[in-house]
Amino acid sequence: MLSKNFGALLSALLLVAAPFGAEAATIQKPGLKQSETSASRANQIKAAYKTSYQAYLKYATGHDALLPLSNGFTDPFGGWGASVVDSLSTSFLMGHMDLYNQGVEYSKKIDFTKTSSDTISLFETNIRYLAGLISAYELGGKKEQKLIDQAKVVGDHLITGWLGSNPLPCNTLKWNNLATPDACTSSGIAEGGTLILEMDRLSKYTGDPKYLKLATKSMKTIAQSKGVFPGLFPQVYDPKTGLPKDDYVTWGGGSDSFFEYLIKYAYLTGDDQSLWIPTWVNSVSSSIEHLIEHPEQTQAKQLTYLTDYSASNGGNLPRWSHLGCFAGGNWILGAKMIGQDAFDQYGQALTAACANTYTASPSGIGPESFVFVGTNNNTDGVRINNAAFYRKNGFDFEVTQYILRPEVMESVFYAYRTTGDARWQEIAWNAWNSIYRNCLVKQNGALAALADVNSTSPTKLDDSESFLYAETFKYLYLIFADPEVANLDKYVFNTEAHPFLVDQPQKASYKAPAVNVKPPKKDKPKKAKQPSKTDKDAPVPMFSSLPGLKLPEGGGNTLGNLLGSIGKRTASQVRRHRGVAHKRRQDQDAAAEV
Ligand SMILES: *[C@@H]1O[C@H](CO)[C@@H](O)[C@H](O)[C@H]1NC(C)=O
Ligand SMILES: *[C@@H]1O[C@H](CO)[C@@H](O)[C@H](O)[C@H]1NC(C)=O
């Protein structure tokens, strides 16, 4: 908390003052209760989760992910059963104790010392396996020591990513041959900057500080570097010098979870003395100053968007993505911690704008990325195809796939749990119905990705990522569950939605630098409209395994397109399925591995 002397002065100066004298920093709206309707909806989502997960168990158990249309499997994450480990915390929170117990027994027996893959992603292994194991250990009452032993095997491999005394890790690990690591010339900020939550918990439960030490070094290297704007760092760094190598700023893929972890790490530990909160406050303040735009040439001018920014590509790029839509929820969480009401209002406005990509979409589901006309009619790097749709709805589709991503519902979860405003639940319920109607594979109960959400009957893709179980089902369920389940006053979620217990749940308030930002234009969540009801089963597509990416013709920054649209996929997967050669710098390639 700020001192009283400063407080009196600052509250006079600030548009929104910190909550002086607050009893405790509560994130959730106090007294929030589950309605009967919500209980029934939570049960429906819980049942669909079980059916879908059982399809994985039947056809792909022990493999990383189910191929839902062909009843096959795929192993992009080491082949250790990513879907099993990713499902643990969701099964527990839903009360599917049979699935949880079975998954824990499976996870205790995985041989993490070797893999059938040539190379393994440090980032993916950390957020899915390491976090999944540690979160399951905490949720289960810290009784299964074997889960920590397993996490330690994973962690001991992950820390080989830091070569020599490099401040930042290489993302690609030769898991079976760690003695001869490949050097790398680039490290993305979402790689070096998405480790500290998991490594902190690993150090805590093993009693060995080395994991946290390395993750802290990486995080600090980025946070103390010269940003494009204060707190806004570009995507690609030199792992040896710790210096930035490009100028592309985004809250989307490739950068996203670095910004996410700044505030979440402060929340996990209760630490408001280090650079985490001031850096995050800078990230958000600079975003409000430089990235926030309202769309032009549309009836929906009230929408609040985050642009990407790259001076070498002309400045603001009016494009946002499903991945980047986590930002609304993240701003709300941090705003509640530090008592910054303007940040909270921006967070809600961003969440409403992302929700609009669902409610306005013919399928009822938002796209992988979308574009708009920015300030001063700027369309740098993007193209509006459907002018009539744009004029009405304030965005146009760019990459039209839906690969079962969670981020829009993740932000809606924060908006609901902090306000108790039932309109957020209506938006989520409509989203869930659209996802269920469009993605359900009737033969086996699994959910499949979609090729084109800009359609009333989208074609399904033979793809179903493990984050469906870790994140999408979890956030949808929690929006309707008893608010005591994963209460935000007690838990912080890693970027794969695995909850960790916070160290200081009773902390009175979080100290933060004062900022002077104007609250956004009012943009209350609109009443969700019922999406159109076509229930035809789409034909099985010709191609298998992973969805091909549909990128816009011409226009657009290549790195932005790639990172904004592929997110957690690897560049090689995208190249394989796009079948289009793209000229990219080496470091862009490496960053795209995130
Ligand atoms: C943007 O375009 C609209 C419609 O064409 C026009 O009325 C407006 O003056 C333009 N604004 C700027 C800043 O050029
Ligand atoms: C979305 O659908 C409309 C109507 O079918 C079409 O005109 C438009 O080009 C589509 N947009 C994209 C990006 O596919």
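What you see is a predicted model; the values in this text were computed from it and never measured.

**Let's talk about the overall build of the protein**
Thinking step 1. Within the protein, the regular secondary structure consists of 20 helices and 17 strands.
Thinking step 2. For the protein, the proportion of its 594 residues judged to be buried stands at 63%.
Thinking step 3. Considering only intrachain contacts with a sequence separation of at least 6, the fraction spanning at least 24 residues in the protein is 74%.
Thinking step 4. Accessible area for the protein stands at about 20800 Å²; split by element, carbon and sulfur atoms hold 52% of it.

**A few points about the UniProt feature "active site" (unreviewed entry) in the protein**
Thinking step 1. In this numbering, the UniProt entry assigns the feature "active site" (unreviewed entry) to Glu124, Asp256, Glu368 and Glu407.
Thinking step 2. Structurally, Asp256 can be placed in helix α10 (residues 256-269).
Thinking step 3. Judged by its relative accessible area of 11%, Asp256 is buried.
Thinking step 4. Setting aside residues no more than four positions away along its own chain, Asp256 makes contact with Ala190, Trp251, Leu323 and Phe326.
Thinking step 5. Among the structural elements, Glu407 can be located in helix α15 (residues 407-419).

**Here's the deal with the side chain of His322**
Thinking step 1. The topology assignment puts His322 in the loop between β11 (319-321) and α12 (327-338).
Thinking step 2. If we ignore the near neighbours within four places in the chain, the residues touching His322 are Tyr358, Gly366, Pro367, Glu368, Tyr402, Arg405, Pro406, Glu407 and Val408.

**Details of the state of the cysteines**
Thinking step 1. Scanning the entire structure with this criterion turns up two disulfides.
Thinking step 2. Disulfide pairing is shown between Cys170 and Cys184; the S-S distance is 2.0 Å. For the disulfide bridge between Cys170 and Cys184, the dihedral angle about the S-S bond is near -90°, and by the sign convention the bridge is left-handed. Note that Cys170 is positioned in the loop between α6 (145-158) and β4 (172-173) and Cys184 in the loop between β4 and β5 (187-188), a separation of 14 residues in sequence.
Thinking step 3. The partly exposed category is assigned to Cys184, whose relative accessible area is 25%.
Thinking step 4. Linked covalently through their sulfurs, Cys325 and Cys354 form a disulfide whose S-S length is 2.1 Å. Because the sign of the S-S torsion sets the handedness, a value of about -90° for the bond joining Cys325 and Cys354 places this disulfide among the left-handed ones. Highlighted residues: Cys325 in the loop between β11 and α12 and Cys354 in helix α13 (residues 341-359), separated in sequence by 29 residues.

**A few points about the environment of Ile45**
Thinking step 1. Position of Ile45 relative to the elements: it lies in helix α2 (residues 36-60).
Thinking step 2. Among all residues touching Ile45, those that are not within four sequence positions of it are Met94, Trp429, Trp432, Phe473, Leu476, Tyr477 and Phe480.

**Here we look at the pattern of salt bridges**
Thinking step 1. Scanning the entire structure with this criterion turns up 21 salt bridges.
Thinking step 2. The partner of Asp208 in a salt bridge is Lys210, with the nearest N and O atoms 3.6 Å apart.
Thinking step 3. Asp272 is the salt-bridge partner of Lys507, the closest N and O atoms lying 3.6 Å from each other. Here Asp272 lies in the loop between α10 and α11 (276-290) and Lys507 lies in the loop between β17 (499-501) and α18 (558-566), a separation of 235 residues in the sequence.
Thinking step 4. Relative accessible area serves as the criterion here: at 18%, Lys507 is assigned to the buried category.
Thinking step 5. One continuous salt-bridge network, built from bridges that share partners, spans Lys152, Asp156, Asp208 and Lys210.

**As for the site of ligand 1**
Thinking step 1. Around ligand 1 sit Gln297, Asn376 and Asn377, and those are all the residues in its vicinity.
Thinking step 2. A distance of 3.2 Å is found between an oxygen atom of ligand 1 and a side-chain nitrogen or oxygen belonging to Gln297.
Thinking step 3. Here an oxygen atom of ligand 1 sits 2.4 Å away from a polar atom, N or O, in the side chain of Asn377.
Thinking step 4. Protein coverage of the free-state accessible area of ligand 1, which is 360 Å², stands at 31%.

**Quick notes on α6**
Thinking step 1. Between its first and last C-alpha, α6 extends 20 Å over 14 residues, near the 20 Å set by a 1.5 Å rise per residue.
Thinking step 2. Taken residue by residue, α6 has Leu147, Ile148, Gln150, Ala151, Val154, Gly155, His157 and Leu158 as its buried positions.
Thinking step 3. Buried positions along α6 lie against α4 (97-109), α5 (122-139), β4, α8 (196-206) and α9 (210-223).

**What about the sheet that holds strand β12 (residues 369-371)?**
Thinking step 1. Read across the open sheet, the three strands follow the order β11-β12-β13; overall the sheet is antiparallel. Unpaired on one side and paired on the other, β11 and β13 (396-399) mark the two borders of the sheet. Within the sheet, the average angular offset between the axes of one strand and its neighbour, ignoring direction, is 35°.
Thinking step 2. Examined bridge by bridge, β12 and β13 share three bridges and lie antiparallel to one another. Looking at the pairing, Phe370 lines up with Phe397 of β13.

**Brief notes about the packing of α10 against α11**
Thinking step 1. α11 packs onto α10 with a crossing angle of 140° between their chain directions and a minimal axis gap of 8 Å. Taken together, the axes of α10 and α11 lie oblique to each other. Where α10 crosses over α11, the two elements pack in a sense that is left-handed. In this structure, α10 uses Phe259, Leu262, Ile263, Tyr265 and Ala266 to contact α11, whose residues at the interface are Trp276, Ile277, Thr279, Trp280 and Ser283.

**What to know about the environment of Phe92**
Thinking step 1. If you trace the backbone, Phe92 turns up in helix α3 (residues 82-94).
Thinking step 2. By relative accessible area, which is 23% here, Phe92 ends up partly exposed.
Thinking step 3. Between the alpha carbons of Phe92 and Leu139 there is a distance of 7.3 Å; along the sequence they are 47 residues apart.
Thinking step 4. With residues near it in sequence (within four places) discarded, Phe92 still touches Met97, Tyr100, Leu139 and Gly140.

Conventions we followed
Residues numbered from 1 in each chain as written. Chains lettered and ligands numbered in written order. Predicted model: local features only at pLDDT ≥ 70, side-chain atom pairs only at ≥ 80, totals over all residues. Heavy atoms only, no water. Helix = DSSP H or I, 4+ residues; strand = E, 2+ residues; numbered from the N terminus. Buried < 20%, exposed > 50% of the residue type's maximum accessible area, 1.4 Å probe, protein only. Contact = heavy atoms within 4.5 Å. Areas by Shrake-Rupley, 256 points an atom, 1.4 Å probe, with all protein chains shown as cover. UniProt positions renumbered as here; feature names shortened; annotations may be inferred. Disulfide = S-S within 2.5 Å. Salt bridge = Lys/Arg side-chain N within 4 Å of Asp/Glu carboxyl O. Near = heavy atom within 4 Å. Polar contact = N/O pair within 3.5 Å; in protein donor to acceptor, adjacent residues only side chain to side chain. Expected span 1.5 Å × (residues − 1). Pairing = 2+ DSSP bridges. Axes fitted to C-alpha atoms, helices over the stretch in contact; angles between N-to-C directions. Parallel < 35°, antiparallel > 145°, perpendicular 65-115°, else oblique. Left-handed = near helix turned anticlockwise from the far one by under 90°.

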